[in-house]
Amino acid sequence: AVINILTGIFVDSALKLAVPDRDARALSLKKDDEAAREELFGLLSEIDTMNTGIINVEDFAENLKKKNGKLQAQMTLLGLPVDRAADFFRVVSVLCGDESMSNEEEANIQAFVECCMRLKGSAANLHLQCVAGDLVHISVMLQQQMELCEMLAEKLEQQ
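## Brief notes about unusual backbone geometry
Among all residues save glycine, negative phi is the norm, and among peptide bonds the norm is trans. You will see that Asn51, though not glycine, has its phi angle at about 55 degrees, which is positive. Tracing the backbone through its elements, the reader meets Asn51 in the loop between α2 (22–47) and β1 (54–56). Classification of Asn51 as exposed rests on a relative accessible area of 68%.

So, in structure tokens, the structure goes:
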């Protein structure tokens, strides 16, 4: 009976030591994120043959299909499966908010990577609630604008 108790204590202690603590897991996740960021930056930089730091939608779509699937695999690992490359690129380039880019057809590689990293993974309930709140806010603003337009139209008709 004593041996069973000692064995139980030993096994319990060993299991506690085998489980990484919260800080170690957080550090590991941070390192994994940085490695994924660097990998994506490297793959996108290969597209930029002129070393301008900018990629365009055509090159992105073309390279997503080839490169032995490396870019496609990296995007999937980030939780960003890209079925429609051009649409994905345009959405991300708009979300990047890079004012130096004049259109949705080009994006700064660094900004594009950072935006992809923010988008990676699944949407949490909190994110969905924030979007729902934003939509309500936008709806209210649109309603106010509609009322203003109707009021201005009535004034114009009266003149």
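## Regarding the nonpolar core
In terms of nonpolar packing, the biggest core is built from 27 residues, with Leu44, Phe60, Leu71, Met75, Phe88 and Phe112 touching the most fellow members. Secondary structure elements with two or more residues in this core: α2, α3 (57–65), α4 (70–77), α5 (85–96) and α6 (109–119). With 6 residues, the top contributor of residues to this core is α6. If we skip the residues at most four places from it in the chain, Leu44 touches Ile55, Phe60, Leu71, Ile109, Phe112 and Val113.

## Notes on a nonpolar patch on the surface
Residues Val2, Ile5, Leu6 and Ile9 make up a contiguous nonpolar surface patch of about 410 Å² in total accessible area. On the secondary structure map, Val2 appears in helix α1 (residues 2–18). We classify Val2 as exposed; its relative accessible area is 58%.

## Things to note about the packing of aromatic side chains
In this structure the tally under the stated criterion is 5 aromatic pairs. Centroid distance Phe60 to Phe89: 5.5 Å. Interplanar angle 45 degrees. Geometry classified as tilted. Here Phe60, found in helix α3, pairs with Phe89, found in helix α5; they are 29 residues apart in sequence, far enough to count as distant. You can call Phe89 buried: its relative accessible area is 0%. Consider the rings of Phe60 and Phe112, whose centres lie 5.5 Å apart with planes at 65 degrees: the pair is edge-to-face. On the criterion of sequence distance, the pair formed by Phe60 in helix α3 and Phe112 in helix α6 is long-range, its members being 52 residues apart. Accessibility classification places Phe60 together with Phe112 in one group, the buried group. An aromatic cluster is defined as three or more aromatic residues linked by ring pairs; in this entry it consists of Phe60, Phe88, Phe89 and Phe112.

Thresholds applied
- Residues numbered from 1 in each chain as written.
- Predicted model: local features only at pLDDT ≥ 70, side-chain atom pairs only at ≥ 80, totals over all residues.
- Heavy atoms only, no water.
- Helix = DSSP H or I, 4+ residues; strand = E, 2+ residues; numbered from the N terminus.
- Buried < 20%, exposed > 50% of the residue type's maximum accessible area, 1.4 Å probe, protein only.
- Core = buried A, V, L, I, M, F, W, Y, C linked by side-chain atoms within 4.5 Å.
- Contact = heavy atoms within 4.5 Å.
- Patch = residues over 30% accessible without salt bridge, like charges linked within 9 Å, V, L, I, M, F, W, Y side chains within 5 Å.
- Areas by Shrake-Rupley, 256 points an atom, 1.4 Å probe, with all protein chains shown as cover.
- Salt bridge = Lys/Arg side-chain N within 4 Å of Asp/Glu carboxyl O.
- Phe/Tyr/Trp six-rings, centres within 6.5 Å; stacked < 30°, edge-to-face > 60°.

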